Amino acid sequence: MTDTTPNLVRRIPWPETASRPMGTPLQPSVVYAAESPDTLDAQYGGTLPGYTYAREGHPNADVLATMIDRLEGAEGGLVTGSGMAAVAAVLLGLCRAGDHVVGADQLYGRSLRMMRSDLPRFGVTTSLADPTDVCAMADALRPETRLVLVEVVSNPTLRVADMAGIARLCRERGVLLAVDNTFTTPRGWRPFEHGADIVIHSVTKLLAGHSDATLGYVSARDPALRDAIRLFAVTAGLTPSPFDCWLAERGLYTFPLRYDRAEANAARLADCLAGLRGVRRVLYPLRPDHPDHNRAAALLGQRGGNMISFEIEGGREAANRLTRGAPGLAFAPTLGDVATTLSHPASSSHREIGAEARAALGISEGFFRVSVGVEEFDLLREDFTAAIAAATTG
Ligand SMILES: *Cc1c(COP(=O)(O)O)cnc(C)c1O
(Lines give C-alpha, C1' and ligand atoms only; values in the text may rest on other atoms or scores of the structure.)
Protein backbone atom coordinates (compact mmCIF):
# COMPACT_ATOMS: atom_id res chain seq x y z
CA MET A 1 0.00 0.00 0.00
CA THR A 2 1.34 3.42 -0.84
CA ASP A 3 1.42 5.99 1.94
CA THR A 4 -0.91 8.83 0.97
CA THR A 5 -0.01 11.02 3.99
CA PRO A 6 1.20 14.36 2.63
CA ASN A 7 4.88 15.04 3.15
CA LEU A 8 4.77 17.09 6.31
CA VAL A 9 8.50 17.24 6.87
CA ARG A 10 9.02 19.27 3.68
CA ARG A 11 8.68 22.48 5.65
CA ILE A 12 6.26 25.15 4.52
CA PRO A 13 7.88 28.57 3.96
CA TRP A 14 7.20 31.24 6.55
CA PRO A 15 4.37 33.45 5.22
CA GLU A 16 5.50 36.54 3.32
CA THR A 17 4.34 39.73 4.99
CA ALA A 18 4.79 43.41 4.15
CA SER A 19 4.47 44.27 7.85
CA ARG A 20 6.83 43.32 10.64
CA PRO A 21 5.99 41.85 14.05
CA MET A 22 6.39 44.44 16.79
CA GLY A 23 7.30 41.86 19.41
CA THR A 24 10.62 40.07 18.98
CA PRO A 25 10.02 36.70 17.29
CA LEU A 26 11.09 33.65 19.26
CA GLN A 27 13.45 31.62 17.09
CA PRO A 28 14.13 28.14 18.47
CA SER A 29 15.66 26.77 15.26
CA VAL A 30 18.94 24.95 15.89
CA VAL A 31 20.09 25.00 12.27
CA TYR A 32 19.94 27.60 9.54
CA ALA A 33 19.91 26.47 5.90
CA ALA A 34 22.30 28.38 3.68
CA GLU A 35 21.82 29.07 -0.02
CA SER A 36 25.08 27.64 -1.33
CA PRO A 37 28.61 26.70 -0.30
CA ASP A 38 29.69 30.18 -1.49
CA THR A 39 27.30 32.00 0.83
CA LEU A 40 28.05 29.64 3.74
CA ASP A 41 31.75 30.21 3.23
CA ALA A 42 31.13 33.96 3.25
CA GLN A 43 29.13 33.65 6.48
CA TYR A 44 31.92 31.76 8.22
CA GLY A 45 34.38 34.25 6.81
CA GLY A 46 32.38 37.11 8.29
CA THR A 47 31.63 38.89 5.01
CA LEU A 48 27.94 37.87 4.99
CA PRO A 49 25.75 38.06 8.10
CA GLY A 50 23.88 34.96 9.16
CA TYR A 51 23.49 32.16 11.63
CA THR A 52 24.49 28.55 11.10
CA TYR A 53 23.98 26.53 14.26
CA ALA A 54 22.36 27.72 17.50
CA ARG A 55 25.22 26.77 19.81
CA GLU A 56 27.36 29.21 17.82
CA GLY A 57 24.82 32.00 18.23
CA HIS A 58 21.16 32.78 17.58
CA PRO A 59 19.07 35.93 17.13
CA ASN A 60 17.28 35.88 20.51
CA ALA A 61 20.63 35.82 22.33
CA ASP A 62 21.98 38.61 20.14
CA VAL A 63 18.96 40.88 20.70
CA LEU A 64 19.30 40.41 24.47
CA ALA A 65 23.06 40.92 24.41
CA THR A 66 22.66 44.20 22.53
CA MET A 67 20.16 45.44 25.10
CA ILE A 68 22.51 44.66 28.01
CA ASP A 69 25.42 46.18 26.03
CA ARG A 70 23.47 49.44 25.97
CA LEU A 71 22.83 49.34 29.70
CA GLU A 72 26.50 48.68 30.46
CA GLY A 73 27.94 50.97 27.80
CA ALA A 74 29.53 47.85 26.32
CA GLU A 75 30.01 46.38 22.86
CA GLY A 76 29.87 42.85 21.51
CA GLY A 77 28.52 41.28 24.70
CA LEU A 78 27.73 37.58 24.89
CA VAL A 79 24.70 36.00 26.54
CA THR A 80 25.39 32.62 28.17
CA GLY A 81 23.26 29.83 29.60
CA SER A 82 23.71 31.04 33.21
CA GLY A 83 25.63 33.55 35.26
CA MET A 84 28.11 30.81 36.18
CA ALA A 85 28.57 30.04 32.48
CA ALA A 86 29.67 33.66 32.07
CA VAL A 87 32.10 33.36 35.01
CA ALA A 88 33.44 30.09 33.59
CA ALA A 89 33.83 31.57 30.10
CA VAL A 90 35.97 34.40 31.51
CA LEU A 91 38.15 32.29 33.77
CA LEU A 92 38.62 29.32 31.43
CA GLY A 93 38.60 31.34 28.22
CA LEU A 94 41.32 33.76 29.34
CA CYS A 95 43.60 31.83 31.73
CA ARG A 96 46.19 29.18 31.04
CA ALA A 97 48.24 26.85 33.26
CA GLY A 98 50.77 28.89 35.21
CA ASP A 99 48.51 31.94 35.49
CA HIS A 100 47.31 33.19 38.87
CA VAL A 101 43.87 34.64 39.64
CA VAL A 102 42.83 36.76 42.61
CA GLY A 103 39.20 36.63 43.74
CA ALA A 104 37.35 38.64 46.35
CA ASP A 105 36.94 36.53 49.47
CA GLN A 106 33.15 36.94 49.54
CA LEU A 107 32.37 36.14 45.90
CA TYR A 108 29.21 34.26 44.94
CA GLY A 109 29.52 30.70 46.33
CA ARG A 110 29.99 28.92 43.01
CA SER A 111 32.58 31.48 41.89
CA LEU A 112 34.46 30.78 45.11
CA ARG A 113 34.26 27.07 44.37
CA MET A 114 35.66 27.62 40.90
CA MET A 115 38.56 29.54 42.45
CA ARG A 116 39.25 26.99 45.14
CA SER A 117 38.59 23.68 43.38
CA ASP A 118 38.36 23.99 39.62
CA LEU A 119 41.00 26.43 38.41
CA PRO A 120 43.76 24.67 40.41
CA ARG A 121 42.91 21.40 38.61
CA PHE A 122 43.98 23.10 35.39
CA GLY A 123 47.18 24.53 36.83
CA VAL A 124 45.77 28.01 37.44
CA THR A 125 46.62 29.07 40.99
CA THR A 126 44.27 31.31 42.93
CA SER A 127 44.18 33.54 46.00
CA LEU A 128 41.28 35.16 47.80
CA ALA A 129 41.55 38.60 49.39
CA ASP A 130 39.33 41.20 51.04
CA PRO A 131 38.20 43.68 48.36
CA THR A 132 37.35 46.36 50.93
CA ASP A 133 41.11 46.54 51.65
CA VAL A 134 43.17 47.51 48.60
CA CYS A 135 46.42 46.71 50.45
CA ALA A 136 45.22 43.12 50.96
CA MET A 137 44.40 42.92 47.26
CA ALA A 138 47.84 44.32 46.36
CA ASP A 139 49.53 41.77 48.64
CA ALA A 140 47.68 38.95 46.87
CA LEU A 141 49.00 39.94 43.41
CA ARG A 142 51.94 38.02 41.96
CA PRO A 143 54.02 38.58 38.83
CA GLU A 144 51.95 35.87 37.08
CA THR A 145 48.55 37.25 38.14
CA ARG A 146 46.37 37.41 35.05
CA LEU A 147 43.04 38.52 36.42
CA VAL A 148 41.18 39.89 39.45
CA LEU A 149 37.49 39.00 39.92
CA VAL A 150 35.39 41.13 42.29
CA GLU A 151 31.79 42.00 43.08
CA VAL A 152 31.02 45.60 44.02
CA VAL A 153 28.67 44.69 46.87
CA SER A 154 29.26 41.37 48.61
CA ASN A 155 26.73 38.68 49.37
CA PRO A 156 25.23 38.53 52.00
CA THR A 157 27.10 41.02 54.19
CA LEU A 158 26.75 43.85 51.63
CA ARG A 159 30.32 45.08 52.10
CA VAL A 160 31.33 47.61 49.43
CA ALA A 161 34.60 46.91 47.59
CA ASP A 162 37.22 49.62 47.13
CA MET A 163 36.57 49.70 43.40
CA ALA A 164 38.57 52.88 42.73
CA GLY A 165 41.60 51.44 44.54
CA ILE A 166 41.31 48.04 42.88
CA ALA A 167 40.91 49.55 39.39
CA ARG A 168 44.03 51.70 39.94
CA LEU A 169 45.97 48.69 41.26
CA CYS A 170 45.01 46.51 38.30
CA ARG A 171 45.93 49.23 35.82
CA GLU A 172 49.32 49.81 37.44
CA ARG A 173 50.13 46.11 37.58
CA GLY A 174 48.78 45.22 34.13
CA VAL A 175 46.20 42.79 35.53
CA LEU A 176 42.74 42.34 34.01
CA LEU A 177 39.87 43.52 36.21
CA ALA A 178 36.65 41.49 35.90
CA VAL A 179 33.58 42.77 37.77
CA ASP A 180 30.55 40.60 38.50
CA ASN A 181 27.95 43.39 38.44
CA THR A 182 24.93 41.21 39.29
CA PHE A 183 24.06 42.87 42.63
CA THR A 184 24.77 46.46 41.65
CA THR A 185 23.41 46.31 38.09
CA PRO A 186 24.28 48.98 35.49
CA ARG A 187 21.64 51.17 37.12
CA GLY A 188 23.77 51.30 40.27
CA TRP A 189 27.30 51.33 38.85
CA ARG A 190 28.80 50.86 35.40
CA PRO A 191 32.14 49.04 35.67
CA PHE A 192 33.43 50.03 32.20
CA GLU A 193 33.25 53.70 33.22
CA HIS A 194 35.48 52.97 36.23
CA GLY A 195 38.34 50.98 34.78
CA ALA A 196 36.96 47.44 34.52
CA ASP A 197 38.13 45.29 31.60
CA ILE A 198 35.37 42.70 31.83
CA VAL A 199 31.77 42.84 33.08
CA ILE A 200 29.82 39.74 34.09
CA HIS A 201 26.15 39.35 35.00
CA SER A 202 23.82 36.71 36.26
CA VAL A 203 20.93 37.89 34.05
CA THR A 204 18.82 35.38 36.00
CA LYS A 205 18.53 37.90 38.82
CA LEU A 206 17.55 41.57 38.55
CA LEU A 207 17.96 42.07 34.80
CA ALA A 208 15.46 39.37 33.78
CA GLY A 209 13.66 39.89 37.06
CA HIS A 210 10.93 37.24 37.07
CA SER A 211 12.72 34.07 38.26
CA ASP A 212 11.81 32.19 35.11
CA ALA A 213 14.99 32.27 33.02
CA THR A 214 18.56 31.19 33.86
CA LEU A 215 21.05 33.31 31.89
CA GLY A 216 24.35 35.14 32.06
CA TYR A 217 26.12 37.93 30.21
CA VAL A 218 29.74 38.89 29.67
CA SER A 219 31.52 41.60 27.75
CA ALA A 220 35.11 42.82 27.60
CA ARG A 221 36.48 46.16 26.51
CA ASP A 222 39.20 44.61 24.37
CA PRO A 223 37.82 42.87 21.24
CA ALA A 224 40.56 40.23 21.43
CA LEU A 225 39.40 39.25 24.92
CA ARG A 226 35.79 39.20 23.73
CA ASP A 227 36.78 36.81 20.93
CA ALA A 228 38.64 34.49 23.32
CA ILE A 229 35.70 34.41 25.74
CA ARG A 230 33.18 33.77 22.94
CA LEU A 231 35.30 31.06 21.35
CA PHE A 232 35.54 29.16 24.64
CA ALA A 233 31.82 29.63 25.40
CA VAL A 234 30.81 28.30 21.98
CA THR A 235 33.22 25.37 22.21
CA ALA A 236 32.17 24.44 25.74
CA GLY A 237 28.49 24.82 24.85
CA LEU A 238 27.65 27.57 27.34
CA THR A 239 24.92 28.73 24.97
CA PRO A 240 21.60 30.12 26.26
CA SER A 241 18.18 28.83 25.27
CA PRO A 242 16.31 31.07 22.79
CA PHE A 243 13.19 30.90 24.96
CA ASP A 244 15.06 32.05 28.06
CA CYS A 245 16.55 34.93 26.05
CA TRP A 246 13.12 35.87 24.78
CA LEU A 247 11.70 35.87 28.33
CA ALA A 248 14.63 37.88 29.67
CA GLU A 249 14.30 40.44 26.88
CA ARG A 250 10.68 40.92 27.83
CA GLY A 251 11.67 41.31 31.47
CA LEU A 252 14.46 43.73 30.64
CA TYR A 253 12.12 46.36 29.18
CA THR A 254 10.90 47.12 32.69
CA PHE A 255 14.24 46.66 34.45
CA PRO A 256 14.86 50.39 35.15
CA LEU A 257 11.33 50.82 36.50
CA ARG A 258 11.55 47.70 38.64
CA TYR A 259 15.00 48.55 39.93
CA ASP A 260 14.15 52.10 40.93
CA ARG A 261 11.02 50.99 42.69
CA ALA A 262 12.72 48.09 44.50
CA GLU A 263 15.61 50.33 45.54
CA ALA A 264 13.28 52.99 46.95
CA ASN A 265 11.44 50.26 48.85
CA ALA A 266 14.74 48.87 50.17
CA ALA A 267 15.93 52.23 51.51
CA ARG A 268 12.66 52.69 53.39
CA LEU A 269 12.49 49.08 54.57
CA ALA A 270 16.05 49.24 55.95
CA ASP A 271 15.07 52.16 58.18
CA CYS A 272 11.81 50.50 59.13
CA LEU A 273 13.60 47.26 60.14
CA ALA A 274 16.16 49.18 62.17
CA GLY A 275 13.31 50.58 64.26
CA LEU A 276 11.73 47.20 65.10
CA ARG A 277 12.24 45.54 68.46
CA GLY A 278 14.18 42.29 68.18
CA VAL A 279 16.27 43.45 65.19
CA ARG A 280 19.89 43.54 66.28
CA ARG A 281 21.36 45.23 63.21
CA VAL A 282 20.51 46.19 59.64
CA LEU A 283 22.98 46.27 56.75
CA TYR A 284 22.19 48.63 53.90
CA PRO A 285 25.00 50.46 52.07
CA LEU A 286 23.49 53.94 52.32
CA ARG A 287 22.67 53.80 56.04
CA PRO A 288 25.10 55.82 58.17
CA ASP A 289 25.72 52.77 60.40
CA HIS A 290 26.95 50.61 57.48
CA PRO A 291 30.65 49.70 57.88
CA ASP A 292 31.47 51.04 54.39
CA HIS A 293 29.06 53.95 54.46
CA ASN A 294 31.49 56.61 53.23
CA ARG A 295 32.78 54.50 50.39
CA ALA A 296 29.25 53.45 49.42
CA ALA A 297 28.17 57.08 49.28
CA ALA A 298 31.19 58.06 47.15
CA LEU A 299 30.90 55.06 44.84
CA LEU A 300 27.16 54.60 44.51
CA GLY A 301 25.76 58.05 45.27
CA GLN A 302 22.10 57.51 46.08
CA ARG A 303 22.02 54.05 44.48
CA GLY A 304 21.89 51.78 47.51
CA GLY A 305 20.41 48.85 45.57
CA ASN A 306 17.58 46.50 46.46
CA MET A 307 19.42 44.21 48.89
CA ILE A 308 19.24 44.45 52.68
CA SER A 309 20.59 42.11 55.33
CA PHE A 310 19.50 42.09 58.95
CA GLU A 311 20.00 40.09 62.09
CA ILE A 312 17.41 39.15 64.68
CA GLU A 313 17.87 37.94 68.22
CA GLY A 314 17.07 34.35 69.12
CA GLY A 315 18.98 31.96 66.82
CA ARG A 316 17.56 29.25 64.54
CA GLU A 317 14.25 28.90 66.39
CA ALA A 318 13.51 32.59 65.97
CA ALA A 319 14.56 32.32 62.31
CA ASN A 320 12.09 29.47 61.78
CA ARG A 321 9.34 31.53 63.40
CA LEU A 322 10.23 34.49 61.18
CA THR A 323 9.78 32.67 57.86
CA ARG A 324 6.63 30.93 59.12
CA GLY A 325 5.31 34.26 60.31
CA ALA A 326 5.73 35.80 56.86
CA PRO A 327 3.78 33.58 54.44
CA GLY A 328 3.61 36.45 51.91
CA LEU A 329 7.41 36.73 51.69
CA ALA A 330 8.87 33.87 49.67
CA PHE A 331 11.68 32.15 51.59
CA ALA A 332 13.82 31.29 48.59
CA PRO A 333 17.57 31.36 47.93
CA THR A 334 17.50 33.82 45.05
CA LEU A 335 17.42 37.54 44.44
CA GLY A 336 16.14 40.04 41.94
CA ASP A 337 12.58 38.79 41.55
CA VAL A 338 9.72 41.29 41.16
CA ALA A 339 8.54 40.01 44.54
CA THR A 340 10.45 40.33 47.79
CA THR A 341 12.33 37.17 48.76
CA LEU A 342 14.08 36.22 51.98
CA SER A 343 17.14 34.03 52.31
CA HIS A 344 18.88 32.56 55.32
CA PRO A 345 22.59 32.11 54.52
CA ALA A 346 23.37 29.85 57.51
CA SER A 347 21.03 27.14 56.14
CA SER A 348 21.68 27.71 52.42
CA SER A 349 24.45 29.66 50.64
CA HIS A 350 26.81 29.58 53.65
CA ARG A 351 25.84 26.19 55.03
CA GLU A 352 28.98 24.42 53.81
CA ILE A 353 31.57 26.84 55.18
CA GLY A 354 30.83 25.90 58.81
CA ALA A 355 29.86 27.84 61.92
CA GLU A 356 33.30 29.27 62.60
CA ALA A 357 33.74 30.81 59.15
CA ARG A 358 30.16 32.11 59.34
CA ALA A 359 30.84 33.71 62.70
CA ALA A 360 33.90 35.46 61.25
CA LEU A 361 31.63 36.99 58.58
CA GLY A 362 28.98 37.91 61.14
CA ILE A 363 26.47 35.45 59.69
CA SER A 364 24.59 34.09 62.70
CA GLU A 365 21.48 31.87 62.77
CA GLY A 366 19.46 35.08 63.07
CA PHE A 367 20.96 36.59 59.91
CA PHE A 368 18.65 37.13 56.92
CA ARG A 369 19.17 38.62 53.48
CA VAL A 370 16.28 40.36 51.76
CA SER A 371 15.94 40.93 48.03
CA VAL A 372 13.39 43.71 48.01
CA GLY A 373 10.77 43.69 45.26
CA VAL A 374 8.35 46.15 43.75
CA GLU A 375 5.38 45.68 46.12
CA GLU A 376 3.51 48.61 47.67
CA PHE A 377 5.71 49.71 50.54
CA ASP A 378 2.91 49.51 53.11
CA LEU A 379 2.47 45.83 52.33
CA LEU A 380 6.18 45.21 52.94
CA ARG A 381 6.09 47.13 56.19
CA GLU A 382 3.13 45.08 57.40
CA ASP A 383 4.70 41.75 56.37
CA PHE A 384 8.06 42.46 57.99
CA THR A 385 6.54 43.90 61.15
CA ALA A 386 4.41 40.76 61.52
CA ALA A 387 7.31 38.42 60.71
CA ILE A 388 9.65 39.98 63.22
CA ALA A 389 6.96 40.08 65.88
CA ALA A 390 6.38 36.35 65.27
CA ALA A 391 10.12 35.70 65.52
CA THR A 392 10.68 37.58 68.73
CA THR A 393 7.56 36.62 70.66
CA GLY A 394 7.67 32.88 69.99
C1 LIG B 1 23.41 34.16 41.07
C2 LIG B 1 24.73 34.75 40.90
C3 LIG B 1 25.68 34.18 40.03
C4 LIG B 1 25.39 32.93 39.24
O5 LIG B 1 24.36 33.13 38.34
P6 LIG B 1 23.44 31.92 37.78
O7 LIG B 1 22.62 32.58 36.74
O8 LIG B 1 22.65 31.39 38.93
O9 LIG B 1 24.38 30.90 37.24
C10 LIG B 1 26.91 34.79 39.91
N11 LIG B 1 27.21 35.90 40.62
C12 LIG B 1 26.34 36.47 41.46
C13 LIG B 1 26.74 37.69 42.20
C14 LIG B 1 25.07 35.92 41.65
O15 LIG B 1 24.21 36.47 42.50
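Everything quoted here is computed from the prediction, not taken from an experiment.

Here is what the cut-offs are and how they apply
Residues numbered from 1 in each chain as written. Predicted model: local features only at pLDDT ≥ 70, side-chain atom pairs only at ≥ 80, totals over all residues. Heavy atoms only, no water. Pairing = 2+ DSSP bridges. Helix = DSSP H or I, 4+ residues; strand = E, 2+ residues; numbered from the N terminus. Contact = heavy atoms within 4.5 Å. Axes fitted to C-alpha atoms, helices over the stretch in contact; angles between N-to-C directions. Polar contact = N/O pair within 3.5 Å; in protein donor to acceptor, adjacent residues only side chain to side chain. Buried < 20%, exposed > 50% of the residue type's maximum accessible area, 1.4 Å probe, protein only. Arc of directions from axis to C-beta. Domains from an automatic or database assignment. Buried area = accessible area lost by both parts, 1.4 Å probe. Salt bridge = Lys/Arg side-chain N within 4 Å of Asp/Glu carboxyl O. Core = buried A, V, L, I, M, F, W, Y, C linked by side-chain atoms within 4.5 Å.

### Remarks on the sheet that holds strand S11 (residues 341-343)
Reasoning step 1: In spatial order, the strands read S8-S9-S12-S11-S10; together these 5 strands make up an open sheet with mixed pairing. Each end of this open sheet is capped by a strand with a single partner; those strands are strand S8 (279-283) and strand S10 (330-331).
Reasoning step 2: In the sheet, S10 pairs with S11 via 2 bridges, with the strands oriented parallel. Within the sheet, the bridge partner assigned to Ala 330 lies in S11 and is Thr 341.
Reasoning step 3: Each of S8, strand S9 (307-312) and strand S12 (367-371) is contacted by helix H10 (residues 255-274), which is oriented at about 10° to S9, the strand it contacts most.
Reasoning step 4: Relative to the sheet, helix H14 (residues 377-392) contacts S8, S9, S11 and S12, its axis offset from that of S9 by approximately 25°.

### A look at the side chain of Glu 311
Reasoning step 1: Counting through the fold element by element, Glu 311 comes out in strand S9.
Reasoning step 2: A polar contact is formed between the side chain of Glu 311 and the side chain of Arg 281, at a distance of 2.8 Å.

### Description of the pairing of strand S6 (residues 198-202)
Reasoning step 1: Along S6, 5 of the 5 residues are buried, which leaves the element largely enclosed by surrounding structure.
Reasoning step 2: Side-chain alternation along S6 places Ile 198, Ile 200 and Ser 202 on one buried face and Val 199 and His 201 on a second face that is also buried.
Reasoning step 3: Strand direction decides the pairing type here: strand S5 (residues 176-180) and S6, joined by 3 bridges, are parallel. Looking at S6, one finds that Val 179 is bridged to Val 199.

### Some thoughts on helix H11 (residues 293-300)
Reasoning step 1: For H11, every residue scored as buried is listed here: Ala 296, Leu 299 and Leu 300. Around the axis of H11, the buried residues are gathered within 75° of arc, so they sit on the same side. Along H11, the residues that are exposed and aim more than 90 degrees away from the buried face are Asn 294 and Ala 298.
Reasoning step 2: Next to the buried residues of H11 lie helix H6 (163-173) and helix H7 (185-188).
Reasoning step 3: Gly 301 sits one or two positions beyond H11 and adopts a positive phi of about 60°.

### Quick notes on the domain arrangement of the protein
Reasoning step 1: The assigned domain composition of the protein is domain 1 (37-252) and domain 2 (255-392).
Reasoning step 2: Domain 1 and domain 2 are separated by 27 Å when their C-alpha centres are compared.
Reasoning step 3: Counting residues at the interface gives 29 residues for domain 1, matched by 30 residues for domain 2.
Reasoning step 4: Taken together, both faces of the contact between domain 1 and domain 2 bury some 2700 Å²; the carbon and sulfur share is 62%.
Reasoning step 5: Seen at the junction of domain 1 and domain 2, the total is 2 salt bridges.
Reasoning step 6: Applying the counting criterion to the domain 1 and domain 2 interface returns 15 residue pairs in polar contact (both at pLDDT 80 or more).
Reasoning step 7: Of all the elements in the fold, those that place two or more residues in the side of domain 1 that touches domain 2 are H7 and helix H9 (242-252).

### A word on the nonpolar core
Reasoning step 1: Among the nonpolar cores identified, the biggest contains 83 residues, and Leu 147, Val 148, Val 150, Leu 177 and Ile 198 are the most heavily contacted of them.
Reasoning step 2: Looking at this core element by element, the count peaks at 8 residues for helix H3 (residues 83-94).
Reasoning step 3: Both domains that furnish three or more residues to this core are identified here as domain 1 (37-252) and domain 2 (255-392).
Reasoning step 4: Contacts of Val 148, omitting those with residues within four sequence positions, involve Val 102, Met 137, Leu 141, Ile 166, Cys 170, Val 175, Leu 176, Leu 177 and Ala 178.
Reasoning step 5: One finds Ile 312, Ala 318, Val 372 and Phe 377 within the second-largest nonpolar core, a separate group that totals 27 residues.

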